[in-house]
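Breakdown of the fold
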Amino acid sequence: MAAVEHSYIVGAYEHPLRKAPDRSLAQLHGEVALGALADAGLSKSDIDGYFCAGDVPGTGPFSMVDYLNLKVRHVDSTNIGGASYILHVNHAAQAIAAGKCNVALVTLAGRPRSEGVPKGGLKRADSPAQPDYAWETPFGMTILNTYAMCAKRHMHEYGTTSEQLAWIKVAASHHAQHNPNAMLRTPVTVEEVMNSQLVADPLHKLDCCIVSDGGGAVIVTRPEIARNLKRPLVKIRGAAESVKHTAGGDIDLTYSAGRFSGAAAFAEAGVRPSDIRYASLYDSFTVTVLVQLEDLGFCERGKGGAFVADGKLISGQGPLAVNTDGGGLCNNHPAHRGGMTKIIEAVRQLRGEAHPAVQVRDLNLAVAHGTGGMLGTRHGSATLVLERM
Amino acid sequence: MSALQEALDHQPENQKFWTELAEGRFLLKYCTACQRAHWYPRAICPHCASAQTEWRPASGRGRIYSFSISRTASPPYVIAYVTLDEGPTMMTRIVHSPFDALAIGKPVELVIEKGEDGIPLPLFRLA
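Description of the structure in this document. All of these numbers come straight from a predicted model, not from anything done at the bench. (Residues numbered from 1 in each chain as written. Chains lettered and ligands numbered in written order. Predicted model: local features only at pLDDT ≥ 70, side-chain atom pairs only at ≥ 80, totals over all residues.)

Residues and elements named next belong to chain A. As summarised here, the arrangement of the 10 strands in space is β3-β2-β4-β7-β1-β8-β12-β11-β9-β10, forming an open sheet in which the pairing is mixed. Edge positions in the sheet fall to β3 (74-76) and β10 (321-322), since each of these pairs with one other strand and no more. As paired strands, strand β11 (residues 365-373) and strand β12 (residues 379-388) are joined by nine bridges and run antiparallel to one another. Residue pairing for β12: A366 is matched across the bridge by L386. Each of β8 (234-244), β11 and β12 touches helix α9 (residues 258-269); the most contacted strand, β8, lies at about 150 degrees to it. The sheet strands contacting helix α13 (residues 339-351) are β1 (8-14), β4 (103-110), β7 (214-221), β8, β9 (278-281), β11 and β12, and the helix crosses β11 at an angle near 175 degrees. (Pairing = 2+ DSSP bridges. Helix = DSSP H or I, 4+ residues; strand = E, 2+ residues; numbered from the N terminus. Contact = placed C-beta atoms within 7 Å. Axes fitted to C-alpha atoms, helices over the stretch in contact; angles between N-to-C directions.)

Below you can see the structure in the form of structure tokens.
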């Protein structure tokens, strides 16, 4: 347990748009920042810490701090891909505990849908200067086909099936039908997922997340400030992060860094996976959810397929409801980065503000977890255990 | 200049790998301190952090660890991880092998073929 009192998430806002051709990237960051401040009941002048990742325009925090005209005494632009914002909440809590700031703003925004960034085949290596570039990119590595190799290996080792993966999409679609802002609101069946185009064996088109514009923001602050605000208190009870990579050629594609960040976050929180009835889990692809469920200890290693089958991730139908907003698979995946929306739906659930059709009753604990980067090469994981006070 | 050539220019310590590969020889980096091979090649051993690494000829044989067929590419191709007989698992592409015959665990052998930008690459086919 941390010696200092835990910080709280007091503001959360998801941009309602899924296509934003008439807004600049900086404007989207600004709109979600103002949305989260209004939700918290705070004003821009209260912010003294700013957290962002690789989706902001310009170098690190500079341009957005300038655009918003913030006066900050703490900044952090750690980039672990789509899981960055979950890590930022952890870092914000640490900075607040260390007295480095009082009110931390975390923003995410992007407009890949309007900018026409290619789907699926998107290449992820950022620069030829990366030491791994020459050993991966020339072979045709894409985000999609490396996640596909993880799914293929999991099937080989544990007998996981495409039907089981499809159930993850089915659950997301059942949740998304209740979300008026979701990009895909029509429930789909296992057969429809299985019959969608095979894009990279064994993954089908409907195993993949959507491409959307928009964004989100959260505000983290210290207990003394949080208690004077009007919103329900959501405490950061445990938080951790980790990085997994190719380890000099000792490759195991069947698990993620979530095994380490999950265990550390649960230990800090002093709770067990079986205490959790709602989890937001990064769903870049269906297989990402499956692997994270095992890594966080919601089921035994290799048993993810059985855990997700038959609609058990749908709220009210199993021990653990997952991604009740429709997740990245159906609701929103702004800037190709799903971590922020994972935090926001976990906050909605703990406040009792999720859609009544998907709200988990009497919820007091929730997990928000993400995997950023490439599951099959290098990625970062971040885990939050949140508590309604 | 191609992006791959630019990447190679960033890695003078690995130039020997590419010049030897162009001559038909596939090398692996070994650490003489811990006696282990690693992938991708580095000047500093990722296992024990020794700087005592050296190039050694490799068998070019291994088994498919995992693979995926990129079906929407034109033409479709097979990305794979192959576990080399010497130990490390490397990313590569499987070529000249019927898609239906591919399976995890199947033995493969090295094929050196030029990629899009004319630079020879270490690829594999079913053995």
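This is not the end of the story, as more comes after the structure.
Attention shifts here to the nonpolar core. Within the largest apolar cluster, 153 residues are counted, with the highest numbers of intra-cluster contacts made by I9, A36, V89, A104, V218, I343 and L384 of chain A. Residue contacts for V218 of chain A: discarding those within four places in its chain leaves I9, G11, A12, A36, V89, V106, I343 and I344 of chain A. (Core = buried A, V, L, I, M, F, W, Y, C linked by C-beta atoms within 7 Å. Buried ≥ 20, exposed ≤ 12 C-beta atoms within 10 Å, placed from the backbone.)

Residue and element names in this part refer to chain A. Where burial is concerned, the two faces of β9 agree: the one with Y278 and S280 and the one with A279 and L281 are both buried. The sheet contact formed by β9 and β11 spans three bridges and is parallel. Following the sheet pairing, S280 is matched in β11 by A368.

On to the environment of E300 of chain A. Residues and elements named next belong to chain A. Residue placement: E300 occurs in the loop between α10 (286-295) and α11 (304-308). Accessibility expressed as a C-beta count within 10 Å gives 11 for E300, which makes it exposed. For the pair formed by E300 and I343, sequence separation is 43 residues and the distance between their alpha carbons is 25 Å.

So, about the pairing of strand β6 (residues 89-94) of chain B. All names here are of chain B. Most of β6 sits out of view: six of its six residues are buried. Where burial is concerned, the two faces of β6 agree: the one with T89, M91 and R93 and the one with M90, T92 and I94 are both buried. In sequence, strand β5 (residues 77-84) turns back onto β6 through a hairpin of four residues, with G87 there showing a positive phi of about 125 degrees.

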